[in-house]
Amino acid sequence: MQSSEVKNKNQLMESRRSIEREMERFKVLERESKTKAYSKEGLAKLYAQQVKADPREESYEWIQGIQESLNEQIEELEEQMDSVTVKGKRGMNKSKKQKFDQIQEKIKRHQWHIGFVRFDNKLIWIQR
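The rules behind each value
- Residues numbered from 1 in each chain as written.
- Predicted model: local features only at pLDDT ≥ 70, side-chain atom pairs only at ≥ 80, totals over all residues.
- Heavy atoms only, no water.
- Axes fitted to C-alpha atoms, helices over the stretch in contact; angles between N-to-C directions.
- Helix = DSSP H or I, 4+ residues; strand = E, 2+ residues; numbered from the N terminus.
- Parallel < 35°, antiparallel > 145°, perpendicular 65-115°, else oblique.
- Left-handed = near helix turned anticlockwise from the far one by under 90°.
- Nonpolar A, V, L, I, M, F, W, Y, C, P; charged D, E, K, R; others polar.
- Buried < 20%, exposed > 50% of the residue type's maximum accessible area, 1.4 Å probe, protein only.
- Contact = heavy atoms within 4.5 Å.

Undergrad: Hey, could you go over the packing of helix α3 (residues 55–85) against helix α4 (residues 94–127) for me, with residue numbers and the actual values?
TA: Relative orientation of the contacting elements α3 and α4 amounts to 160 degrees, with a least axis distance of 9 Å. If you check the angle between α3 and α4, you find them roughly antiparallel. The chirality of how α3 crosses α4 is left-handed. In terms of residue class, the contact of α3 with α4 is built from 15 nonpolar, 13 polar and seven charged.

Spelled out as structure tokens, the structure:
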């Protein structure tokens, strides 16, 4: 390459990079094709493909995450409700009562959503 005979080195370098990329692709292909089907690596690869092949599993896990998130939010709302209901000398005033009612409404809404999330999870579980 250092020879003065080559005038256009850019084209030569680009061709060289292209050949090296193709050699890397072939190396990966060759490694995959030489993996024996019942070896540890082959079985691990097969298992990984099977796990990725089932989109219902991903949906099921995502819905479980949503359900856990809603349950955590309900716990936080219940803590807020407890802090609002701490009674002083005269009990709850109007603003505390409104705040209490708003928190109760949020908890009911979250529980309603949890019911639907559980239903969706059951449908996915049945379809497995």
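Undergrad: Requested: an account of the side chain of Gln-67, with residues and values cited.
TA: Among the secondary structure elements, Gln-67 is positioned in helix α3. Note on Gln-67: relative accessible area 15%, which makes it buried. Contact partners of Gln-67, with chain neighbours within four places excluded, come to Ile-114, Val-117, Arg-118 and Asn-121.

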